[in-house]
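Fold and contact review
Each chain, written out:
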Amino acid sequence: MNPKSYLTFRMRGLPYALDVSCIRELFPMPQIVPVPEAPGDIIGLLNLRGKVIPVMHLGLRLGQSARYCSPRDNVIVIEWQSLRVAVVVNEVCEVSAFAPESIDFDISYGRDRTIQPAFLSGAVKREEELILILNPEGIVRYTDDVTYFASDIVDTTAINPLVQEEMSSETSSLLEAGDFFSLYCPHAT
């Protein structure tokens, strides 16, 4: 069988991979607008060429406790079933090709209680390192919440000027409560 390409990256030192077919873009950490009452793993919104995209902290999504970001972090925009979500990771490594036979898709290892398959679709060993392959559907599986934040209604190029003024006043009151860097990058200079 032909090898499949995966983007490899790190989160808190651990190696992960995502199928490149679901990746749309990647770039350094931009300014993100925090959103009050967002789901716990959504740290804000990103204006990407006029489209508002929710930004998910991968560490929080995977149940890790660290809430802080670093200006050196990267953002990967993934798309699953027409939903786009930006995911914050610590370091993007490279695109690697893995043969299907080298990927262990059965990660239950014979136990009754298996590793949560919602987030992982498999694991592959490369040299001395075990790379966890993430399931893009699992990353974006709370589609109702993500759909709400990724709604095309919030296309900033098509908003009535009165609504834009209201949105900017909401944004300024949100920033008074704390901007992205004071909330998620408190040690950034």
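Here the structure is a predicted model, which is why all the values come from computation and not from measurement.

Conventions we followed
Residues numbered from 1 in each chain as written. Predicted model: local features only at pLDDT ≥ 70, side-chain atom pairs only at ≥ 80, totals over all residues. Heavy atoms only, no water. Pairing = 2+ DSSP bridges. Helix = DSSP H or I, 4+ residues; strand = E, 2+ residues; numbered from the N terminus. pLDDT = per-residue confidence, 0-100. Contact = heavy atoms within 4.5 Å. Buried < 20%, exposed > 50% of the residue type's maximum accessible area, 1.4 Å probe, protein only. Salt bridge = Lys/Arg side-chain N within 4 Å of Asp/Glu carboxyl O. Core = buried A, V, L, I, M, F, W, Y, C linked by side-chain atoms within 4.5 Å.

Focus: the sheet that holds strand S2 (residues 14-19)
- In spatial order, the strands read S8-S1-S2-S11-S10-S9; together these six strands make up an open sheet with mixed pairing. Strands at the two margins of the open sheet, each flanked by one partner only, are strand S8 (91-98) and strand S9 (103-104).
- Sheet analysis places strand S1 (residues 4-11) next to S8, joined by seven bridges and oriented antiparallel. Paired with Ser5 across the strands is Ala97, a residue of S8.

Quick word on the confidence of the model for the chain
- On average, residues of the chain score 76 in pLDDT, and 67% of them reach the 70 mark or higher.
- When mean pLDDT is taken per element in the chain, strand S3 (residues 23-28) scores highest with 95 and helix H4 (residues 161-177) scores lowest with 41.
- Under a pLDDT of 50 for its full length, residues 143-177 has, in the predicted model, 34 contacts with residues more than four places off or in other chains.

Some remarks on the pairing of strand S6 (residues 74-80)
- With five of seven residues buried, S6 lies mostly within the body of the structure.
- Here S3 pairs with S6 via five bridges, running antiparallel. Bridged to Phe27 within S6 is Val75.
- By the bridge criterion, seven bridges tie S6 to strand S7 (residues 83-89) in an arrangement that is antiparallel. Bridge pairing in S7 links Glu79 to Arg84.
- Linking S6 to S7, which pair antiparallel, is a turn of two residues; within it Gln81 sits at a positive phi near 50°.

A closer look at the pattern of salt bridges
- Using the criterion set out here, one finds eight salt bridges in the structure.
- Across the pair Asp19 and Lys4 runs a salt bridge, and its minimum N-O distance is 2.9 Å. In this pair, Asp19 is assigned in strand S2 and Lys4 in strand S1, connecting sequence segments 15 residues apart.
- A residue is classified by how much of its surface remains accessible, and Lys4, at 40% relative accessible area, is partly exposed.
- When the shortest N-O distance is used, the salt bridge between Glu129 and Arg126 registers 3.9 Å.
- One connected set of salt bridges, linked through shared partners, spans Arg10, Glu94, Arg126 and Glu129.

Some details on the nonpolar core
- One finds Phe9, Leu58, Ile78, Leu134 and Ile139 to be the most contacted residues of the largest nonpolar core, which totals 21 residues.
- Counting only elements with at least two residues in this core, the list comes to S1, S2, S6 and S7.
- Of all the elements, S7 adds the most residues to this core, at four residues.
- Filtering out sequence-adjacent residues up to four positions away, Phe9 remains in contact with Leu14, Pro15, Tyr16, Ala17, Leu18, Leu58, Ile76, Val89, Glu91, Val92, Cys93 and Leu134.
- If you look at the next biggest cluster of nonpolar residues, it comprises 14 residues, including Leu48, Leu60, Val77 and Val88.

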